[in-house]
Amino acid sequence: MSRPRWRKIRRDLALAWGRTATMIVAIAAGVTGIGAVLSASTIASREIAGNYLSTVPASATLELDRVDAALAEQVRRRPGIADAQVRTTVTARMRIGPDEWRSLILFVVPDFDGMRIAKFTPQSGAWPPPAGTMLIERSARDMVPAGPVEVRLPGGQSRTLAVSGTVHDPGLAPAWQERAGYGYITPQTLAVPLDELKIRTEATSREGIEHTSRELAIWLRAQGRQVHEIQVPPPGRHPHESQMQSLMLMLLIFALLGLVLAAVLVATVIGGMLVQQVRQIGVMKAIGARTGQISALYAVQVLLLGLGAAALGLPLGTLAGRAYADVIAELLNLDLHSRAVPPWVYGTQLAAAVLVPLLVAAVPIRRAARITVREAISDYGVRVEAISARLTGLSRTLTMALRNAFRRRARLVLTLGLLSAGGALFLSGLNMAAAWQRTMDDGMAARHYDMEVRLAAADPALAERLRTTPGVTRVESWGHAPTSAGDVVSTYPDGGHGSFSLRGVPDDSRLLDLPVTSGRWLRPGDTDAVVLNSMAANPVPDAKPGDTLTLRLDGRATTWRVVGTVREIGSQAAAYVTRTAFEQRVGPPRDLRIATTDSAAVLRALRDVPVESATLATSELREAVDGHIFVLIGALIALAALMAIVGVLGLAAATGTSVVERTREFAVMQAIGATPRTVLGVVLGETVFIGLLSWPAAALLALPLSWAIGGLLGDLAFRTPLPLTFSPLALALWALAAAAGSALAGTAPARRAARLTIRQALAYV
């Protein structure tokens, strides 16, 4: 490019340094958002896979009546089996207060030094744990009380275990999310039968693993062993990996929208600058400049802006991405062995910073470059606005402000669209937080009980005693049994993620009121009817009312007729049947659901009762569910705020361009008596009007955006979309932000216009 052209580019950027800085900051904000999400996603995806695979997770776990090392050795020699080891898992309770208990999952490991499957690593303390002690997972520090821990086993026996150290087990979801403790012990500490056979198969696909596991189950039964369940979790995938990747995709979409907003801002400012330079373009064409040369001249300016924004946004995006990856690592209980960002992420950011603004700005550049000499020389500036001329009863200053807002309609549409889109993203982020809150409120309100206790054995007399306990308003006996839609389940080793259960509902139950989404709820006398909750779409994705469903209970196939589906929040997959049907297929119910105003009194009454496991109270259940998602909501709100700032920057840039265009007009106004205060009022009135106009526009745009994001987020968390929710707080905040931001955006251009003297204004070319 010739030296005169470089001089013009430098002069244009230098003269409009305020708008240049605004454009660079806006593009850099979009690049930072993309860089942060891509950096965090690549780091977290790499590390979650590395952490999980480092445990050498079991391809499958078979639950038997009994298993020993000799059987495992026989299994290891079978075709298709790469390795096999023995374990067992005990779900117990631990005392955390005088009469307060929390679930404790105890993993009994025969050989700590010889682990080859489902490994975990020592962090502190003795290895292996001495008899009478346990190691706890590091994420369970706040879940397990300090000092010796009283542990009550399912049969009612009590043990006191000291905590001898900590381990890191990245194959499990963090204990604080599940509101439970994880303990690791030797058989010398707890003499329980070993009943889990963990295998690694030569096959790596789910189909191959299931085939090998079924073949092994047939062989085991031929050896006289009972196979209660075959568990095959998604191969090589952490329990939360798919959710994390989907949420990262949603954040990336938000960041890309932010970059597009920044690019539209650049197009708006470049378009305003081109309007200002129409006569210069006409002169250049008159002395021989071609359309392509003029287009290249302004395209280079946009290119330089993109490179400047990339220089600012790349390091900021990397820093933000690494910080967010640290948060994700804490959320998922990971060790970040490397925070390196792949080169392609930097390349993507650079391409986005340069190409996206260039593509969006190509439209106004091409339009301006194709103008003829006659059109350029005869350009007289802004048009007369007819719409505002019809307005009556307004002050002269306000009338002029409205007239000026409508003069450049194309620019008004772009500026309003930019600010409205930023506001829509801002509203959508806060709407998601409100929709989540509403969903959780509705989900908890459907539970009219305060506690759920799973007994070691059915005890009808206990229910009667509890009904006379002070504060207890209702006690119901519910059935609960693990089930599956086939001979293989997707349950992870923690026993929660991927689980599916059959639940027997009393005919007169008043402690659960789930909204029916299709079909009907259970009726007294139903003996083969089943109602599926929303999470059951995972194990039985196509089931609908009228279908026949086969569920396996402890290896036995049972047939049911689907009569309805319900929306349930905060629960794993469940199939509801009447208690009569449950008793016929499984046996007496062992779960007690209790509504009480005095939980402490109930806990005292249960002090010496054999309890299989401590189930979360509804308050802790909510904490557990919220713990899975709060980082996403926070990130959405942060990105939304960033997009709102980009929108305000766009308004500031457009206002600056408008002030430059009307420089001589302000001189004429002052010549006929207008004061600087009047000029200030006209400019500020215009920007505030546009800002307030963006409020209803943003609210309308936020409707489809909130609906789409709510559908994705709800499906990830609950297999049902979040309700479309408009947060009154969000609307109020955006109204305030739009008014204050637009006033702030117009302050600098308004002051500049008000300070112009008549001589300076008339001398403007």
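All of the points below concern the structure found in this document.

Reading guide: rules and limits
Residues numbered from 1 in each chain as written. Predicted model: local features only at pLDDT ≥ 70, side-chain atom pairs only at ≥ 80, totals over all residues. Heavy atoms only, no water. Helix = DSSP H or I, 4+ residues; strand = E, 2+ residues; numbered from the N terminus. Polar contact = N/O pair within 3.5 Å; in protein donor to acceptor, adjacent residues only side chain to side chain. Core = buried A, V, L, I, M, F, W, Y, C linked by side-chain atoms within 4.5 Å. Buried < 20%, exposed > 50% of the residue type's maximum accessible area, 1.4 Å probe, protein only. Arc of directions from axis to C-beta. Contact = heavy atoms within 4.5 Å. Pairing = 2+ DSSP bridges. Phe/Tyr/Trp six-rings, centres within 6.5 Å; stacked < 30°, edge-to-face > 60°. Patch = residues over 30% accessible without salt bridge, like charges linked within 9 Å, V, L, I, M, F, W, Y side chains within 5 Å. Areas by Shrake-Rupley, 256 points an atom, 1.4 Å probe, with all protein chains shown as cover. Salt bridge = Lys/Arg side-chain N within 4 Å of Asp/Glu carboxyl O.

Quick word on the side chain of threonine 166
Thought 1: Residue position: threonine 166 is located in strand β7 (residues 158–168).
Thought 2: Of note is the side chain of threonine 166, whose polar atom sits 2.8 Å from the side chain of serine 124.

Some details on the nonpolar core
Thought 1: One finds Leu62, Val75, Leu197 and Leu220 to be the most contacted residues of the largest nonpolar core, which totals 51 residues.
Thought 2: If you tally residues by element for this core, the top one is strand β2 (residues 81–95), at six residues.

A few points about helix α13 (residues 460–467)
Thought 1: Every buried residue of α13 is accounted for by Leu462, Ala463 and Leu466. Projected down its long axis, α13 carries its buried residues within an arc of 100°, all on one side.
Thought 2: Next to the buried residues of α13 lie β11 (451–455), β12 (472–482), β19 (591–596) and α15 (599–605).

Here we look at helix α3 (residues 69–76)
Thought 1: Every buried residue of α3 is listed here: Leu71, Ala72 and Val75. Down the axis, α3 shows its buried residues gathered within 100° of arc, on one side only. Among the exposed residues of α3, those pointing more than 90 degrees away from its buried face are Ala69 and Ala70.
Thought 2: Next to the buried residues of α3 lie β1 (60–64), β2, β9 (196–201) and α5 (206–222).

As for the pairing of strand β16 (residues 548–553)
Residues in a regular strand point their side chains to alternate faces of the sheet.
Thought 1: What you see with β16 is a clean split: Leu549, Leu551 and Leu553 sit on the buried side and Thr548, Thr550 and Arg552 on the side with no burial.
Thought 2: Inspection of the sheet shows β16 paired to strand β17 (residues 556–566) by six bridges, in the antiparallel sense. Pairing of leucine 549 across the sheet is with tryptophan 560, part of β17.
Thought 3: Counted along the chain from β16 to the antiparallel partner β17, the turn is two residues long, and its residue aspartate 554 has a positive phi close to 55°.

Description of the packing of aromatic side chains
Thought 1: In the structure shown here, the tally under the stated rule is eight aromatic pairs.
Thought 2: Taken together, a centroid distance of 5.2 Å and an interplanar angle of 25° make the contact between phenylalanine 107 and tyrosine 184 stacked. In this pair, phenylalanine 107 is assigned in strand β3 (residues 101–108) and tyrosine 184 in strand β8 (residues 181–185), connecting sequence segments 77 residues apart.
Thought 3: A relative accessible area of 1% places tyrosine 184 in the buried class.
Thought 4: Aromatic pair phenylalanine 112 and tryptophan 127: ring centres 5.2 Å apart, planes at 85°, arrangement edge-to-face. Separated by 15 residues along the polypeptide, phenylalanine 112 in the loop between β3 and β4 (121–125) and tryptophan 127 in the loop between β4 and β5 (133–137) bring together distant segments of the chain.

Focus: the environment of valine 577
Thought 1: Locating valine 577 in the fold gives a position in strand β18 (residues 573–578).
Thought 2: The class for valine 577 is buried, based on a relative accessible area of 0%.
Thought 3: Distance from valine 577 to glycine 504, taken between C-alpha atoms, is 5.1 Å for residues 73 residues apart in sequence.
Thought 4: Among all residues touching valine 577, those that are not within four sequence positions of it are Leu502, Arg503, Gly504, Val505, Leu522, Ala529, Val530, Trp560 and Phe582.

Describing a nonpolar patch on the surface
Thought 1: Taken together, the side chains of Val25, Leu312, Leu316 and Leu319 make up a nonpolar region of the molecular surface, amounting to roughly 350 Å² of accessible area.
Thought 2: The leading source of residues in the nonpolar patch is helix α8 (residues 291–332), at three residues.
Thought 3: Mapped onto the elements, valine 25 comes out in helix α2 (residues 17–54).
Thought 4: Owing to a relative accessible area of 42%, valine 25 belongs among the partly exposed residues under this scheme.

Remarks on the pattern of salt bridges
Thought 1: Tallied over the full model, the rule gives 22 salt bridges.
Thought 2: Arginine 520 serves as the salt-bridge partner of aspartate 526, at 3.1 Å between the closest nitrogen and oxygen.
Thought 3: The class for arginine 520 is buried, based on a relative accessible area of 19%.
Thought 4: Salt bridges here are not isolated pairs; linked through shared partners, they connect Glu73, Arg76, Arg77, Asp83 and Arg116.

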